[in-house]
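In case you want the letters, here they are:
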Amino acid sequence: MDQDVYDKGREIRTAVLGEAYVQKAADSADDFTGPFQDLVTEYCWGAVWGRDGLSYKTRSMLNLAMLAALNRPNELRTHVRGALTNGVTPEEIREIFMQVAVYAGVPAAVEAFRTARAAFDDAEQR
């Protein structure tokens, strides 16, 4: 593990998803899941999200489209909250999911809209 990249990843992951989310993931890691959490933090958040070239907002928008197209509602819900943190508006999220409907299918977009509504409700409760 590259500690500098990992540390950068932890910083970015915390900025996007919040300290409580990141701490819960770390606290729930065990011998089985710990190496995966390290991989996600170092590679996903440090090596990729930490690159120059795209803003966090743009990366969030791309994630929303990909996760919606892949029909991954649990991850999508987390990334909707992160996208809001990164300045993506509900109107932009709606437009992303409209695009998903055309290119990945209406059922994927239906689930994405449902998931986003739940994430918006979560955000309002905080």
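Thresholds, definitions, all that
- Residues numbered from 1 in each chain as written.
- Predicted model: local features only at pLDDT ≥ 70, side-chain atom pairs only at ≥ 80, totals over all residues.
- Heavy atoms only, no water.
- Domains from an automatic or database assignment.
- Contact = heavy atoms within 4.5 Å.
- Buried area = accessible area lost by both parts, 1.4 Å probe.
- Salt bridge = Lys/Arg side-chain N within 4 Å of Asp/Glu carboxyl O.
- Polar contact = N/O pair within 3.5 Å; in protein donor to acceptor, adjacent residues only side chain to side chain.
- Helix = DSSP H or I, 4+ residues; strand = E, 2+ residues; numbered from the N terminus.
- Phe/Tyr/Trp six-rings, centres within 6.5 Å; stacked < 30°, edge-to-face > 60°.

> I'm lost on the domain arrangement of the protein chain in this one. Help?
Put simply, an interface is often sized by how much accessible area is lost when its parts join up. Split by domain assignment, the protein chain resolves into domain 1 (1–46) and domain 2 (54–123). Averaged C-alpha coordinates put domain 1 and domain 2 at centres separated by 22 Å. On the side of domain 2, 6 residues touch domain 1, which itself brings 6 residues to the contact. Counting the surface lost from both domain 1 and domain 2, the interface buries some 520 Å², and carbon and sulfur atoms represent 67% of this. Among the residues of domain 1 in contact with domain 2, Val-16, Leu-17 and Tyr-21 are the three that bury the most area, contributing 68% of the side total. The interface formed by domain 1 and domain 2 holds 0 salt bridges in total. Where domain 1 packs against domain 2, one counts 0 residue pairs in polar contact (both at pLDDT 80 or more). No other element matches the 4 residues that helix 1 (residues 3–17) contributes to the side of domain 1 that touches domain 2.

> Quick question: what am I supposed to make of the packing of aromatic side chains here?
How two aromatic rings sit relative to each other is given by the distance of their centres and the angle of their planes. One pass over the full model with this rule turns up 3 aromatic pairs. Grouping aromatic residues by their ring pairs yields a cluster made of Trp-45, Trp-49 and Tyr-56.

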